[in-house]
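As a plain string of letters, each chain reads:
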There are 2 protein chains.
Amino acid sequence: MTQNAILLIIDGVGDLPSKKFTPLQMAKTPNMNELTMNSVQGLMSPIAVGTVPGSDIAHLQILGYAPEKYYIGRGPLEALGANVELKEGDIAFRANFATLLFGNEITDRRAGRIESKTAKELENEINQCIQNLNRNGLKIIFKSTVEHRGVLVLRGKNLSANVSATDSHKLGKLEICKPLDSSAEAKKTAEIINMFTKIVHEKLKKSKLNLKREFPANIVLVRGAGIYRSAPKFEEVHGIKSACIAGGALYKGIAHYLGMNVIEVKGANATKNTDLHAKGLAAQKALEKCDFVFVHVKATDSFSHDGDVKGKVKFIEKIDKELIPLLKKTDAALIITGDHSTVCALRRHTGYDVPILVYEKNGRKDGLKKFDEISAMKGGLGHILGKDVMPIILNIIGKAKIYGS
Amino acid sequence: MTQNAILLIIDGVGDLPSKKFTPLQMAKTPNMNELTMNSVQGLMSPIAVGTVPGSDIAHLQILGYAPEKYYIGRGPLEALGANVELKEGDIAFRANFATLLFGNEITDRRAGRIESKTAKELENEINQCIQNLNRNGLKIIFKSTVEHRGVLVLRGKNLSANVSATDSHKLGKLEICKPLDSSAEAKKTAEIINMFTKIVHEKLKKSKLNLKREFPANIVLVRGAGIYRSAPKFEEVHGIKSACIAGGALYKGIAHYLGMNVIEVKGANATKNTDLHAKGLAAQKALEKCDFVFVHVKATDSFSHDGDVKGKVKFIEKIDKELIPLLKKTDAALIITGDHSTVCALRRHTGYDVPILVYEKNGRKDGLKKFDEISAMKGGLGHILGKDVMPIILNIIGKAKIYGS
């Protein structure tokens, strides 16, 4: 019997044909092809047919957590991914260093893609200058993560996540944070964000770290507000021990949120240069102690957002060459899919189904020879939903609870 | 990117095999075949697997309005389709001229399929003779539409739609309208209908227009009572501008109900002689201003109710020849399906799945060659529900809201 399973989510892997074929069709994937011949395939709608999911929502659903119940917003998930320990009721935002010039104009949303080291030094300056705001039970935590990215957490009483973003994804006049309802909590939270923005700007514009920067990192913008509420642990929900191997903060954050064991892998950085070999070895090791290992690979989605078909094809080939063989060497069942289809020609998430492959030793086979969107149309698994994935896995590894007797 | 879409609903197009093949299989459809080769196909259960839907319910669901929430009864929808402007709370019925002879016996439910012109003259006589009933805030509106058909609207306070029909679809003794619950409103409404029936009969039996008729149109029967409540507009619900091109009153009524732009097309009359070419041209024109055009073709359903397989096959061929090429000439995505399967051998609606074809430029293809119930079993879209249709369309035209971030 198959005792454990690996779920490999290749972010945004589904696509439309570019000229004649999709990236998955074009990629030379001998290792996945061999796997395919011993698998069943299908097409999956992560949420519902045609629905366009964000990565956060799609992952929650695929991992067995109905997003309408468990989605807490992007901010808290990113904060958890940045290893900020959240408490019930914390308000968390995604944050980014940006450049404010000419009095009140955002001229670069990424402060010239500031390097992580400098950002970390600015983080210290920020946390010093906002000490004055930390009174009457309020605590503000700012943490920089990768390059211009970071997270901001407000902890205290009478706060609300129902406030507008100061980062509108556009350049131009600085946006003010506004309450989105008439509650005292939303008003108070918006005021705190606006004070934070002002104090930080006053401090950073004088920072010597910014003296020589073409795009000084002199302001911090926020978006994706959410209120943290804990979720039931993955082990309680599914009755299995689990681990997560991912480079991206969001995916690690989701795993933290669900109480999975998040394994830090050196070189796994969610970029196009991520160390897939190291991730494969980490997955092998994790299986020694876990029933279920969730492996996430991000760069396919990034290539799609860049409209880079060739890059996406090459990266799929890299996955096939560097990661798949290591996963195949285990005795685990192997489920491969994406969280959504990110279409290169459109450079965005879409609601097209994602192919899913289910391999287990001595399992059923549908006789297909390639893992892609078009093959999957004829797959033995048919059309499934994201919420079907965990039950399929639990069934294979013998951990599904019988319903009735 | 595909900017807009046409949804072509061929009413009752699904069928069972007649001898060996279904009408869709038998029809020679070179234009649809070519489309099929660049599309994905599937099978759709308009409401739920096996459920037999009425046309009204099926259309509401396919257009994204859950019937359990938005179905207001056939009467109000037909009244809207007859261009009667309804107000919140109006009670509306389908009505038809019939023949009452031998004191109290309905001998023809359609008054010898009275011609529209004569019916219109009788409408005037009716609206004169019922003036006495229009008091204490009550207003009665009768409108004849096509041949024996018409609508009756009661406007006023303390009315109910919970009353029985006077048209029981059978010949024989005239049915009395009865309250279907013990409320004062239902009792009052039934009394009004019975008074209306009596006064109209007294008037029409003496009408000179009836003197020479073998089947005098001397009574008006009603059925399909419903209470009008407005629904949220299509543009609010889906965020897109829409138009409807249909001949039948019900379909125009549904479009009015949903706030779609109903385009009147000369020669589009929902009969076997409808001007499909004119409808195609109207669809092309509508796309200039709309994101979404719903085109409805009725006669396939009528042929099925008549048990006329040959007629159904020929009409499908007419659609393929006169309508499809005009729709294909646009840049729009093209979704073709039916609202239900009307089986010629049974002469009624059934719960068998309906084939659905989804074409978009540069979209996924499943390699099928013919659009029919049997091909569709192998289609890349799999088995979907009526409620999936609008999300599929919104995704294709880039108007779906992302769920999550």
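Scroll up a little and you will see the structure.
Summarised in this report is the structure supplied together with it. (Residues numbered from 1 in each chain as written. Chains lettered and ligands numbered in written order. Predicted model: local features only at pLDDT ≥ 70, side-chain atom pairs only at ≥ 80, totals over all residues. Heavy atoms only, no water.)

**What to know about the packing of aromatic side chains**
- All chains considered together, the criterion is met by nine aromatic pairs over all chains.
- Between Tyr228 of chain A and Tyr257 of chain A, the ring centres sit 6.5 Å apart and the planes meet at 65 degrees, which makes this aromatic pair edge-to-face. Residue Tyr228 of chain A is found in the loop between strand S9 (219-227) and helix H8 (234-238), and its partner Tyr257 of chain A is found in helix H9 (residues 249-257); the two are separated by 29 residues along the sequence.
- Both rings, one in Phe234 of chain A and one in Phe292 of chain A, keep their centres 5.4 Å apart while their planes meet at 15 degrees; by these two values the pair is stacked. On the criterion of sequence distance, the pair formed by Phe234 of chain A in helix H8 and Phe292 of chain A in strand S12 (residues 292-297) is long-range, its members being 58 residues apart. For the pair Phe234 of chain A and Phe292 of chain A, a shared accessibility class is recorded, and that class is buried.
- One cation-aromatic arrangement involves Lys272 of chain B over Phe303 of chain B; the distance from NZ or CZ to the ring centre is 4.4 Å. (Phe/Tyr/Trp six-rings, centres within 6.5 Å; stacked < 30°, edge-to-face > 60°. Helix = DSSP H or I, 4+ residues; strand = E, 2+ residues; numbered from the N terminus. Buried < 20%, exposed > 50% of the residue type's maximum accessible area, 1.4 Å probe, protein only. Lys NZ or Arg CZ within 6 Å of the ring centre and 35° of its normal.)

**Here's the deal with the interface of chain B and chain A**
- Counting residues at the interface gives 24 residues for chain B and 31 residues for chain A.
- Buried surface at the junction of chain B and chain A, both sides included, amounts to about 2,000 Å², of which 55% is carbon and sulfur.
- It is Arg364, Tyr403 and Ser405 of chain B that lose the most area in chain B upon contact with chain A, and together they represent 40% of the buried surface on that side.
- Remark: the boundary between chain B and chain A carries zero salt bridges.
- The interface formed by chain B and chain A contains 13 residue pairs in polar contact (both at pLDDT 80 or more).
- Those elements that provide at least two residues to the side of chain B that touches chain A are helix H13 (389-396) and strand S17 (402-403) of chain B.
- For the side of chain B that touches chain A, the element with the highest residue contribution is H13 of chain B, accounting for four residues.
- Direction of pairing for strand S3 (residues 52-53) of chain A relative to S17 of chain B: parallel, over a ladder of two bridges. Residue pairing in the sheet places Val52 of chain A in a bridge with Ile402 of chain B of S17 of chain B. (Contact = heavy atoms within 4.5 Å. Buried area = accessible area lost by both parts, 1.4 Å probe. Salt bridge = Lys/Arg side-chain N within 4 Å of Asp/Glu carboxyl O. Polar contact = N/O pair within 3.5 Å; in protein donor to acceptor, adjacent residues only side chain to side chain. Pairing = 2+ DSSP bridges.)

**As for the relation of the copies chain B and chain A**
- Taken as rigid bodies, chain B and chain A are interconverted by a rotation of 120 degrees and an axial shift of 0.5 Å, the fit giving an RMSD of 0.1 Å. Taken together, the turn and the small shift mark the pair as related by a three-fold rotation axis. (Least-squares fit on C-alpha atoms with pLDDT ≥ 70 in both.)

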